[in-house]
Amino acid sequence: MHPLRKQRLKWVLLIVVASSIAVGLFTFALRENINLFYTPIQIVDGEAPTDVRLRAGGMVVKGSIERADDSLFVAFRVTDGAESVRIEYTGILPDLFAEGEAIVATGVLDQNRVLQASEVLAKHDETYMPPEVAEAMEQGHQRREAQKGSGAESPSGYSKGYPSEEKNYDR
Amino acid sequence: MAWQWFHQWGSPRWFYQRSGAWLPWLAVLAALFLAVGSVWGLALAPADFKQGNSYRIIYLHVPASFLALAGYYLMAIAGAIGLIWKMKLAFTAMRCAATVGAALTFVALFTGAVWGKPTWGTYWVWDARITSMLVLLFLYLGVIALYQAFDRQELASKAAALLALVGTVNVPIIYKSVDWWYTLHQPASLKITGDSTLHSSMLQPLLVMIVGFYLFYAVALLLSMRAEVLAREANSSWVRALVTAPQSRERG
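Residues numbered from 1 in each chain as written. Chains lettered and ligands numbered in written order. Predicted model: local features only at pLDDT ≥ 70, side-chain atom pairs only at ≥ 80, totals over all residues. Heavy atoms only, no water.

Draft legend 1. Just the confidence of the model for chain A, in detail. Overall, the prediction assigns chain A a mean pLDDT of 83, with 86% of residues at 70 or greater. Here residues 151-171 of chain A is modelled with pLDDT under 50, and outside its nearest four sequence neighbours on either side it reaches 38 contacts, counting other chains as well. (pLDDT = per-residue confidence, 0-100. Contact = heavy atoms within 4.5 Å.)

Draft legend 2. Expanded view of unusual backbone geometry. Backbone geometry at Arg113 of chain A places phi at a positive 60 degrees, although glycine is not the residue there. In this fold, Arg113 of chain A is placed in the loop between strand 5 (102-109) and strand 6 (115-123). When its relative accessible area of 29% is taken as the criterion, Arg113 of chain A is described as partly exposed. Not every positive phi belongs to a glycine, and Lys86 of chain B is a case in point at roughly 55 degrees. Relative to the helices and strands, Lys86 of chain B resides in the loop between helix 3 (58-85) and helix 4 (88-119). (Helix = DSSP H or I, 4+ residues; strand = E, 2+ residues; numbered from the N terminus. Buried < 20%, exposed > 50% of the residue type's maximum accessible area, 1.4 Å probe, protein only.)

Draft legend 3. View of the packing of helix 2 (residues 12-44) of chain B against helix 8 (residues 200-232) of chain B. Residue and element names in this part refer to chain B. Here helix 2 crosses helix 8 at 150 degrees, and the two axes come no closer than 7 Å. Comparing the axis directions of helix 2 and helix 8 gives the class roughly antiparallel. The hand of the helix 2/helix 8 crossing is left-handed. Counted by class, the contact of helix 2 with helix 8 contains 27 nonpolar, seven polar and one charged residues. (Axes fitted to C-alpha atoms, helices over the stretch in contact; angles between N-to-C directions. Parallel < 35°, antiparallel > 145°, perpendicular 65-115°, else oblique. Left-handed = near helix turned anticlockwise from the far one by under 90°. Nonpolar A, V, L, I, M, F, W, Y, C, P; charged D, E, K, R; others polar.)

Draft legend 4. The arrangement of the UniProt feature "binding site: heme" (unreviewed entry) in chain A in detail. The UniProt entry lists His124 and Tyr128 of chain A under the feature "binding site: heme" (unreviewed entry), expressed in the numbering used here. Residue class for His124 of chain A comes out buried when judged on its relative accessible area of 2%. Those residues in contact with His124 of chain A, other than ones at most four positions away along the chain, are Leu96 of chain A together with Asp48, Gln51, Trp115, Thr119, Trp120 and Gln186 of chain B. Among the polar contacts listed, one links the side chain of His124 of chain A to the side chain of Gln51 of chain B, at a separation of 2.9 Å. Relative to the helices and strands, Tyr128 of chain A resides in the loop between strand 6 and helix 4 (131-146). By relative accessible area, Tyr128 of chain A is classed as buried at 4%. (UniProt positions renumbered as here; feature names shortened; annotations may be inferred. Polar contact = N/O pair within 3.5 Å; in protein donor to acceptor, adjacent residues only side chain to side chain.)

Draft legend 5. Summary view of the UniProt feature "transmembrane region" (unreviewed entry) in chain A. Mapped onto this structure's residue numbering, the UniProt feature "transmembrane region" (unreviewed entry) falls at residues 12-30 of chain A. Annotated as residues 12-30 of chain A, this span is 95% helix and 0% strand, and its ends, taken at the C-alpha atoms, are 27 Å apart.

Draft legend 6. Representation of the packing of aromatic side chains. Going through the model one piece at a time under the given rule, you end up with 15 aromatic pairs over all chains. Arranged with centres 5.1 Å apart and planes meeting at 20 degrees, the rings of Phe37 of chain A and Tyr182 of chain B form a pair that is stacked. Of the two residues, Phe37 of chain A is situated in the loop between helix 2 (31-34) and helix 3 (40-44) and Tyr182 of chain B in the loop between helix 7 (170-180) and helix 8; the pairing between them involves two chains. Ring plane angle 20 degrees and centroid distance 6.0 Å describe the contact between Phe106 of chain B and Phe110 of chain B, whose orientation is recorded as stacked. Of this pair, Phe106 of chain B and Phe110 of chain B both sit in helix 4, four residues apart, roughly one helical turn. Classification of Phe106 of chain B by relative accessible area gives partly exposed; the value is 49%. Every member of this aromatic cluster is reached through a ring pair, and the members are Trp9, Trp14, Phe15 and Trp22 of chain B. Sitting over the face of the ring of Phe28 of chain A, Arg31 of chain A holds its NZ or CZ atom 4.2 Å from the ring centroid. (Phe/Tyr/Trp six-rings, centres within 6.5 Å; stacked < 30°, edge-to-face > 60°. Lys NZ or Arg CZ within 6 Å of the ring centre and 35° of its normal.)

Draft legend 7. Examining the UniProt feature "transmembrane region" (unreviewed entry) in chain B more closely. Residues and elements named next belong to chain B. Following the UniProt record, one finds the feature "transmembrane region" (unreviewed entry) at residues 21-45, 57-85, 97-116, 128-147, 159-182 and 202-223. Along residues 21-45, the helical share is 96% and the strand share 0%, with 35 Å between the first and last C-alpha atoms. Helix makes up 100% of residues 202-223 and strand 0%, and the two end C-alpha atoms of the span are 32 Å apart.

Written out as structure tokens, the structure reads:
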């Protein structure tokens, strides 16, 4: 390569590397602000501030949903597997809101660390499959639960491949 | 000698003739893949167990996002080649890739918003993925604007190439944002290593659409570059010959 071109190539690489380092440090410094929501464990530990608008995210705990009969009020708990936080909301929930589904709620933490939400969004996961497959997997999961202890492998999550049972239903 | 294949790209005339020969093939292939992928994905693939039919936006959203990111690298590399080898055609490629990339980024953001309303409950949220994708759109528009801001083409090309190079840092940020931070946007379903979390009956049409978008991108870029080459070389003898004898166009 011509020495002049080599020189220019070095400049080009320098620009890319230097700007990457600068942006990398910048985002590292701001990493807490880049997160869209606080997890329940951060809220329980007192990492999340009270009385300011923030978002909390997690999975809706099974059996925790309470609805009012005479209004759109709904209360439920969200968990990250370690801790859980109560969320209270009055309004229309997204279609995908359900027990065991992930949500992100915007609101203010009160003194009891209950989130008074003004907006609840459903957080869809990366799993896409036809209804028959989902049904088949649910059945397979239940069968495996029943056989627990008889050397069956641990149930794989939806995001980890597909168990072989699904094949019978896959048209 | 080894560099000859590379240096012939420096000739706009060579490029114009060769790209004219490739275009029909690329266009037919692109149309074929997009037609098969659309019918397969939008009509024949099964509905999703949670989202129903609204998930089908994936067949536009994912390929457009893919090409918006890959196209940025193409633009930045073209800019680097232009800076290092002073190759005009590389700057032309950079300028044209900016337009196509901006359009695809807009498609990705728009389809994402349309899908977000029924799925998440909102059109827009300022999470890391969506915000960094918006920054990508601004980078593309910035390259176009910077290029237009200078009267002297050489200066315009250099300035735009520098911006394109600096912006490359955003591409891995977009790609990894869903893994590095808590976002509303889900992580990638399509995995380069490991199993995709998209069922195979939905994945196959998506792969067809992605190939179709790559081909479409090539067609759009070449068409745009050919127009730009003609405009730049308007005073050269070969373009004049082309205009005065249009029937010999394909043979050059």
